[in-house]
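Each chain is listed here by its residues.
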Amino acid sequence: MQEWTVVTRSPDETAGLAERLGQLVAAGDVITLAGDLGAGKTSFTKGLAKGLGVKGVVNSPTFTIIKEYQGRLPLYHMDVYRMEDEAEELGLEEYFYGEGVSVVEWPTRIEEQLPENHLSIAIYHLDETSRKLTVTASGEREQQLGKEWLE
Ligand code: ADP
Ligand code: MG
């Protein structure tokens, strides 16, 4: 287990940070984004999508639960905030172990489906324009990814 902390001072700074992660991710990587409403989970995902080379607009999939985008790899963007009991029916494993990169907003709602190894990011609201991001890497691949990204 390895952990990093980053403070960003603007939405652009968060997007830039996420964009660099988007350049490093590989098929099968799972990134979880925790944090209250308005923390910056969707903004982070937009930056990551840009780094992955996704063209077009990435919006919050709150009402659809999963949206798929195509960049250098597929991006599976999940927002499970509104999901209750149907987690198993969604077949999330197909995404997690698929050809693309999964980004999950509100991961605590699908803890049982989540692969054990993932890059876990918690975003805390410091003030109007500042956020603290805590990044935790569980597996070896994730630790390597975190190092490349943040060190
Ligand atoms: P969530 O998906 O977590 O509900 P959003 O990404 O939709 O959050 O919204 C985050 C909001 O916070 C946006 O309006 C964004 O402009 C604002 N914001 C302010 N400062 C930052 C920052 N440092 N990083 C990310 N977002 C920020
Ligand atoms: Mg969101």
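Note that the coordinates shown come from a computational prediction; the quantities given were computed from them, not determined experimentally.

Cut-offs applied
- Residues numbered from 1 in each chain as written.
- Chains lettered and ligands numbered in written order.
- Predicted model: local features only at pLDDT ≥ 70, side-chain atom pairs only at ≥ 80, totals over all residues.
- Heavy atoms only, no water.
- Core = buried A, V, L, I, M, F, W, Y, C linked by side-chain atoms within 4.5 Å.
- Buried < 20%, exposed > 50% of the residue type's maximum accessible area, 1.4 Å probe, protein only.
- Contact = heavy atoms within 4.5 Å.
- Donors = N, O, S within 2.8 Å, 3.2 Å for Na, K, Ca; no water.
- Helix = DSSP H or I, 4+ residues; strand = E, 2+ residues; numbered from the N terminus.
- Expected span 1.5 Å × (residues − 1).
- Arc of directions from axis to C-beta.
- Salt bridge = Lys/Arg side-chain N within 4 Å of Asp/Glu carboxyl O.

**Student:** For this particular structure, what's the right way to read the nonpolar core?
**Tutor:** Side chains that are nonpolar tend, in soluble globular proteins, to be buried together. Core analysis: the largest hydrophobic core is formed by 28 residues, its most contacted members being Leu21, Ile31, Phe44, Leu48 and Ile121. In contact with Leu21, not counting residues within four places along its chain, are Ile31, Phe44, Leu48, Leu119, Ile121, Leu145 and Trp149. Val80, Leu92, Phe96 and Val104 belong to the second largest nonpolar core, which has 13 residues in total.

**Student:** Looking at this structure, I do not really get the coordination of the magnesium ion (ligand 2). What am I missing?
**Tutor:** The reference angle at a metal is 109.5 degrees if four donors form a tetrahedron and 90 or 180 degrees if six donors form an octahedron. Distances from the magnesium ion (ligand 2) to its protein donors, Thr42 (OG1) and Glu105 (OE), fall at 2.2 to 2.4 Å. Linking Thr42 in helix 2 (residues 41-51) with Glu105 in strand 5 (residues 101-105), this pair joins segments that are 63 residues apart in sequence.

**Student:** For this particular structure, what's the right way to read helix 1 (residues 11-24)?
**Tutor:** Each α-helix winds once per 3.6 residues, and so residues spaced three or four apart point in a common direction. If you check helix 1, its first and last C-alpha atoms are 20 Å apart, about what 14 residues at 1.5 Å a residue would give, namely 20 Å. Of all the positions in helix 1, only Thr14, Leu17, Ala18, Leu21 and Gly22 are classed as buried. Seen end-on, helix 1 carries its buried residues on one side only, within an arc spanning 145 degrees. For helix 1, the elements touching its buried residues are strand 1 (2-8), strand 2 (30-34), helix 2, strand 6 (119-127), strand 7 (130-137) and helix 4 (140-150).

**Student:** Sorry if this is basic, but what is going on with the pattern of salt bridges here?
**Tutor:** Oppositely charged side chains may form a pair once their charged atoms are brought near each other. In this structure the tally under the stated criterion is two salt bridges. Across the salt bridge formed by Glu19 and Lys50, the nearest N and O atoms sit 3.8 Å from each other. Here the residue Glu19 occupies a position in helix 1, and Lys50 occupies one in helix 2, the gap between them amounting to 31 residues. A salt bridge links Asp29 to Arg141; the nearest nitrogen and oxygen atoms lie 2.6 Å apart. With a gap of 112 residues between them, Asp29 in the loop between helix 1 and strand 2 and Arg141 in helix 4 connect regions that are remote in the sequence. By relative accessible area, which is 6% here, Asp29 ends up buried.

**Student:** What is the right way to look at the environment of Glu13 in this model?
**Tutor:** Mapped onto the elements of the fold, Glu13 is located in helix 1. Sequence separation between Glu13 and Arg131 is 118 residues; the distance between their C-alpha atoms is 9.8 Å. The contact partners of Glu13, leaving out residues within four places of it in the chain, are Val7 and Thr8.

**Student:** Just checking my understanding: could you explain helix 2 for this structure?
**Tutor:** Where burial is concerned, most of helix 2 is hidden: eight out of the 11 residues are buried. Along helix 2, the residues that are buried comprise Lys41, Thr42, Phe44, Thr45, Gly47, Leu48, Ala49 and Gly51. Of the residues trailing helix 2, Gly53 is marked for its positive phi of about 85 degrees.

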